[in-house]
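Structural overview for review
Here is what each chain is made of, one letter per residue.
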Protein chains: 2
Amino acid sequence: MFESLPGFREFYPDQCAVRNHIFKHWKKAAISHSFSEYDVPILEPLDLYIEKSGEEIIGQLFNFKDKGGRDVALRPELTPSLARLIATRAASLKKPLKWFCIGENFRYERPQKGRLRSHYQLNADIFGELGASADAELIALCIRALTIFGLKADDFVIRLSDRNIWVDYLAHFGINDKQSIEVLAVIDKLEREDREHSLKKLKTYFGKGTEDVFEKIETLISLRTLEDFRSFILSQSLVDSNRCKIEARLVEWEKLFDHFNALQLTPYIQIDFGIVRGLAYYTGFVFEAFEKSGKFRSLAGGGRYDHLVEKLGGPKLSATGFGMGDVTLTDLLNEKELLPHINGTTSIYVIIGGEVERVKALTSISYLRGQGYAVDYSFKNISYGKQFKLANQSGAQLALIYGAKEVSENKVKIHDLSTGCESELPDNELKFELKRYFEK
Amino acid sequence: MFESLPGFREFYPDQCAVRNHIFKHWKKAAISHSFSEYDVPILEPLDLYIEKSGEEIIGQLFNFKDKGGRDVALRPELTPSLARLIATRAASLKKPLKWFCIGENFRYERPQKGRLRSHYQLNADIFGELGASADAELIALCIRALTIFGLKADDFVIRLSDRNIWVDYLAHFGINDKQSIEVLAVIDKLEREDREHSLKKLKTYFGKGTEDVFEKIETLISLRTLEDFRSFILSQSLVDSNRCKIEARLVEWEKLFDHFNALQLTPYIQIDFGIVRGLAYYTGFVFEAFEKSGKFRSLAGGGRYDHLVEKLGGPKLSATGFGMGDVTLTDLLNEKELLPHINGTTSIYVIIGGEVERVKALTSISYLRGQGYAVDYSFKNISYGKQFKLANQSGAQLALIYGAKEVSENKVKIHDLSTGCESELPDNELKFELKRYFEK
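These numbers were taken from a predicted model, which means no experiment stands behind them.

Moving on: the overall build of chain A. A count of helices and strands for chain A gives 16 helices and 16 strands. In terms of C-alpha radius of gyration, chain A reaches 28 Å, well past the compact-globule figure of 22 Å for 440 residues. Each of the three principal axes of chain A carries a C-alpha extent, and together these read 95 × 55 × 45 Å. Within the structure as shown, chain A displays about 18,300 Å² of accessible surface, and the carbon and sulfur contribution to it stands at 51%. Here chain A holds 60 positive side-chain charges and 62 negative ones, and the gap between their average locations is 3 Å.

Structure (structure tokens):
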């Protein structure tokens, strides 16, 4: 028998129910924040990803030539396709836009815990609003997309940082914009890499003063309050233009925290300049959501990318967004026992006396299904005992019994599968009785 | 700016809402029939499709070598993956199984009306029940997956046929099982191809008697009742073993129609031996759903495939299933004006007096979102007039107003956006008032 490919998942009904539980609640969270759902193709021109991320990205892609000779790739992320959608209709779409998508992404990498070759992501983005109010709204949704499952401020934290502050601070050491992208890629890995190794990599940029700069970087990363950050900046001999830029950013940080306070989200937020997001295109606020014990990978990550739409050929349009994957989240919800036990979707099981009663039973089944009830029954004529067993296994709340006696009297017996209570009523009153029962 | 690939769709929010409407109702129909949802990978080993459909299938696939040297393909259909799922756990899964999936399929073919390179399908299958009761259940779901959108018996028809009867009837002319697959592929195309062309193709099998056999085939295809079919068979000089087999099938047909009568589905069914389903693996009842005027492609198609699970390496397990695509269905619902006009998902728009009132408003917004309401507001401080305009555009039913006066008195103003009615109430009564309003 053929196996599925490594890093790809099959979803048997019990697993599919868990996945649907995640999707349903992500969607509920996004809609409660008035985000609109969109979707983009699974397969896209390869150039779309090269333009955004450079040739290196190809190594991680499922890419190939299609039968028309086009270079194509399974999408590794949604953002480039989304930027194209927005750019194409930039003139007619009313800003700000708040959009979300729940979709599958693909990466050719070694499958490991929390990282598969295919996974699902909730992506949420806001276009056309430059101010911190949009960042607050986006982060509020990111938090809600976790708390909606029952996760609490004890369970996870949003580590919040600022790429602009990093760039402005690094400028103080003579690092230009292009270099800063490379230096930030090193800083991005500090948590996971050997200190000496990082120091060595930074030497290219800071020369003899590297150890000194590195200590300052470590201090910056250790700061946890805006006050401490303010003191730190005051202690640095920055040139006026850089100081000015950083102070302007501080005003945005204060605005952001005003929003968090009003939204009562402060308990979920931690200032942490250790988060820089490895990718080149981020600008302004960036963040990642982590489980607190540290044993899981990042739950979500995002931030501002105010230049990307323009870079991909669209108009100048500010943007901020995040992605949240399903793999690590599902592992976490499993560990916290926050996933529901889902025992089928059947609500009514119809028990049929025999071939003669089947006609009447099927008519009733057809009617009840039309009313929206999830109704099941046995294809074969089997004993009442066996049918009751199937009824209990199906997870149904009620059994309806169409035996010879009931059918001859135009009646039906209702059997409550949890209490065992039975009552008999005229078939034409069934509708009202079920309504009463299921509205309880 | 990059374009998306030919034959692939982008879904802006208004288009995504239509797609979601289709998915939601398909799912509702499947669950009302107590089918369980599953899912399988988008990317699969190429061999899975070659084993099922032969080497020819490659010409229509998006297939490639992945970076690990595996021959892989984007799935053109769900059935082989599903058969693998079932086969893998055949021993532990309780039969009969009723499973459904709503998923994306891919084919490399020339995009045209009703045929894209990517489309979505509702797939529903029943495993482990050989009798006509399972075919009836499956066809009942197929019909419900169309009527749930408001389509009626005047709009579409299920054309129902029987591959076994065809094979048994063709045997009468000396056609063996292998040849019958080829002959049925010709019969499958009769409706769309020139008569002379079909005749020529059939000559290989029927030689000099082809014209005579062809007339009989045409007669068989023109029959519309079981009685006419019975008379037709009686008029043919069949050998006893073939006659016997066909009569056994007639018993199954009668059982099937008993079910349709009880389920009140007879008005949707038309006997039509012109339907044979081109694929080799079908056995027994086969059917296709068509819009009645004939201007659309097939809406759905399916039938029994009692040998496929075994062929793909699993145990012997009877099966029947259908697939229904979203492209033609959406075109049809559009023409019949059965698609809803969806104007956003926002239910409450919060209007904010100014920066001071924003704190109070945001606290309320955060609370209401937690209660499940879809709440939107302006990121910027703009005039009441502009905010009311945005509120109306959002599609919200209610506006909540937090002006200076309201906030200073711990009150909120409720403005019904459809009637213009306004009322003021203490902020802490808002919850109850909204509950009353939205439960109306």
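What follows deals with the relation of the copies chain B and chain A. With an RMSD of 0.0 Å, the operation that places chain B on chain A is a rotation of 180° combined with a shift of 0.0 Å along the axis. This pairing of chains is accounted for by a two-fold axis. Of every C-alpha in chain B, the one belonging to Phe-64 of chain B sits nearest the axis of rotation, 3.1 Å from it. The residues that chain B uses at the interface reappear at the interface of chain A in 100% of cases, marking a shared surface.

Segmentation of chain A into domains returns domain 1 (13–40 + 75–335) and domain 2 (348–439). A separation of 54 Å is found between the C-alpha centroids of domain 1 of chain A and domain 2 of chain A.

Bringing helix α9 (residues 226–235) of chain A into the picture now. Owing to its 3.6 residues per turn, the α-helix aligns residues three or four sequence positions apart on the same side. Residues and elements named next belong to chain A. Considered for burial, the residues of α9 that qualify are Leu-226, Phe-229, Phe-232 and Ile-233. Buried residues along α9 cover an arc of 120° about the axis, so they all sit on one side. Pointing more than 90 degrees away from the buried face of α9 are the exposed residues Glu-227, Leu-234 and Ser-235.

A few words on the pairing of strand β10 (residues 300–304) of chain A. All names here are of chain A. For β10, the tally of buried residues reaches five of five residues, placing the bulk of the element in the interior. Alignment of strand β9 (residues 285–291) against β10, held across four bridges, turns out to be antiparallel. Bridging across to β10, Glu-288 finds its partner in Gly-301. Relative to strand β11 (residues 319–325), β10 is paired through five bridges, and the arrangement is antiparallel. What sits directly across from Gly-301, in β11, is Gly-323.

A separate point is the packing of aromatic side chains. Overall, the coordinates contain 49 aromatic pairs over all chains when judged by the stated rule. With a centroid separation of 5.3 Å and 90° between ring planes, the pair formed by Tyr-169 of chain B and Phe-173 of chain B is classed as edge-to-face. By relative accessible area, Tyr-169 of chain B is classed as buried at 1%. Ring plane angle 25° and centroid distance 5.0 Å describe the contact between Phe-229 of chain B and Phe-273 of chain B, whose orientation is recorded as stacked. Of this pair, Phe-229 of chain B sits in helix α9 (residues 226–235) while Phe-273 of chain B sits in the loop between β8 (269–271) and β9 (285–291), and the two are 44 residues apart along the sequence. Just as Phe-229 of chain B is buried, Phe-273 of chain B falls in that class too. Here the aromatic cluster, defined as three or more aromatic residues joined through ring pairs, consists of Phe-229, Trp-253, Phe-257, Phe-260, Phe-273 and Phe-285 of chain A. Taking the ring centre of Phe-11 of chain B as reference, the NZ or CZ of Arg-19 of chain B above it sits at 4.7 Å. In this arrangement the basic side chain of Arg-249 of chain B is found over the ring face of Phe-285 of chain B, its NZ or CZ atom lying 4.7 Å from the centre.

Once that is clear, we can look at the pattern of salt bridges. Residue and element names in this part refer to chain A. Counted under the stated rule, the structure contains 80 salt bridges over all chains. As a salt-bridge pair, Arg-115 and Glu-109 come within 3.2 Å of each other at their nearest N and O atoms. Glu-433 is paired through a salt bridge with Arg-436; the nearest N and O atoms lie 2.8 Å apart. Residue Glu-433 and its partner Arg-436 are both found in helix α16 (residues 430–439); the two are separated by three residues, about one turn of the helix. Its relative accessible area of 25% is what places Glu-433 among the partly exposed residues.

Topologically, Arg-19 of chain A is positioned in helix α1 (residues 13–32). At 2.8 Å, the side chain of Arg-19 of chain A forms a polar contact with the side chain of Tyr-120 of chain A. Among all residues touching Arg-19 of chain A, those that are not within four sequence positions of it are Phe-11 and Tyr-120 of chain A together with Asp-39 of chain B.

A few words now on the sheet that holds strand β11 (residues 319–325) of chain B. Residues and elements named next belong to chain B. Strands sit in the order β1-β5-β6-β11-β10-β9-β7-β8 across an open sheet of eight strands; the sheet is mixed. Sheet topology places β1 (36–37) and β8 at the edges, where each strand pairs with a single neighbour. Here strand β7 (residues 156–162) pairs with β8 via three bridges, running parallel. Across the sheet, Arg-159 pairs through a bridge with Gln-270, a residue of β8. Sheet strands in contact with helix α1 (residues 13–32) are β1, β5 (97–106), β6 (118–127) and β11, and its direction is about 160° off that of β5.

In this section: the interface of chain B and chain A. Listed per partner, the contact involves 94 residues of chain B and 94 residues of chain A. With both chains or domains summed, chain B and chain A bury close to 7,900 Å², and 61% of this area falls on carbon and sulfur atoms. A salt bridge links Lys-98 of chain A to Asp-376 of chain B, with the nearest nitrogen and oxygen atoms 2.7 Å apart. Joining chain B to chain A, the criterion identifies 40 residue pairs in polar contact (both at pLDDT 80 or more). Looking at the side of chain B that touches chain A element by element, the count peaks at eight residues for α1 of chain B.

Time to look at the packing of helix α5 (residues 163–171) of chain B against helix α6 (residues 177–188) of chain B. Residue and element names in this part refer to chain B. Close contact between α5 and α6 brings their axes to 10 Å; oriented N to C, the two are set at 115°. When the axis of α5 is compared with that of α6, the two are roughly perpendicular. Crossing of α5 over α6 shows right-handed handedness. Listed contacts from α6 to Arg-163, Trp-166, Val-167 and Leu-170 of α5 are Asp-177, Ser-180, Ile-181, Val-183, Leu-184 and Ile-187. Its residues assigned to classes, the contact of α5 with α6 comprises seven nonpolar, one polar and two charged.

Residues Lys-94 and Lys-95 of chain A together with Lys-386 and Lys-389 of chain B make up a contiguous surface patch of positive charge. Among the residues examined, Lys-389 of chain B registers a relative accessible area of 53% and is labelled exposed.

A word on the pairing of strand β4 (residues 71–74) of chain A. Residues and elements named next belong to chain A. Taken together, the three bridges between strand β2 (residues 43–45) and β4 define a ladder with antiparallel strand orientation. Counted as the bridge partner of Leu-43 is Leu-74 from β4. Looking at chain direction, strand β3 (residues 63–65) and β4 are connected through three bridges and run antiparallel. Within β4, the position partnered with Lys-65 by the bridge is Asp-71.

The subject of this paragraph is the environment of Arg-163 of chain B. Examined against the element boundaries, Arg-163 of chain B turns out to sit in helix α5. Not counting residues up to four positions away in its chain, the partners in contact with Arg-163 of chain B are Ile-181, Leu-184, Val-276, Arg-277, Gly-278, Leu-279, Ala-280, Tyr-282, Thr-283, Gly-284 and Val-286 of chain B.

A separate point is the packing of α9 of chain B against helix α10 (residues 240–262) of chain B. All names here are of chain B. Where α9 contacts α10, the axes come no closer than 12 Å and their chain directions differ by 175°. Between α9 and α10, the angle is such that the two are roughly antiparallel. Contacts from Leu-226, Phe-229, Arg-230, Ile-233 and Leu-234 of α9 reach α10 at Arg-243, Ile-246, Leu-250, Trp-253, Glu-254 and Phe-257. Residues of the contact of α9 with α10, tallied by class, amount to eight nonpolar, no polar and three charged.

On inspection of all chains with the given rule, the structure shows zero disulfides over all chains. Unpaired in terms of disulfides, Cys-16 of chain A finds its nearest cysteine sulfur in Cys-101 of chain B, a separation of 7.0 Å. Since its relative accessible area comes to 0%, Cys-16 of chain A is described here as buried.

Conventions used here
Residues numbered from 1 in each chain as written. Chains lettered and ligands numbered in written order. Predicted model: local features only at pLDDT ≥ 70, side-chain atom pairs only at ≥ 80, totals over all residues. Heavy atoms only, no water. Helix = DSSP H or I, 4+ residues; strand = E, 2+ residues; numbered from the N terminus. Rg over C-alpha atoms; globule rule 2.2 N^0.38 Å. Areas by Shrake-Rupley, 256 points an atom, 1.4 Å probe, with all protein chains shown as cover. Lys, Arg positive; Asp, Glu negative; His and termini not counted. Charge placed at Lys NZ, Arg CZ, Asp CG, Glu CD. Least-squares fit on C-alpha atoms with pLDDT ≥ 70 in both. Contact = heavy atoms within 4.5 Å. Domains from an automatic or database assignment. Buried < 20%, exposed > 50% of the residue type's maximum accessible area, 1.4 Å probe, protein only. Arc of directions from axis to C-beta. Pairing = 2+ DSSP bridges. Phe/Tyr/Trp six-rings, centres within 6.5 Å; stacked < 30°, edge-to-face > 60°. Lys NZ or Arg CZ within 6 Å of the ring centre and 35° of its normal. Salt bridge = Lys/Arg side-chain N within 4 Å of Asp/Glu carboxyl O. Polar contact = N/O pair within 3.5 Å; in protein donor to acceptor, adjacent residues only side chain to side chain. Axes fitted to C-alpha atoms, helices over the stretch in contact; angles between N-to-C directions. Buried area = accessible area lost by both parts, 1.4 Å probe. Parallel < 35°, antiparallel > 145°, perpendicular 65-115°, else oblique. Left-handed = near helix turned anticlockwise from the far one by under 90°. Nonpolar A, V, L, I, M, F, W, Y, C, P; charged D, E, K, R; others polar. Patch = residues over 30% accessible without salt bridge, like charges linked within 9 Å, V, L, I, M, F, W, Y side chains within 5 Å. Disulfide = S-S within 2.5 Å.

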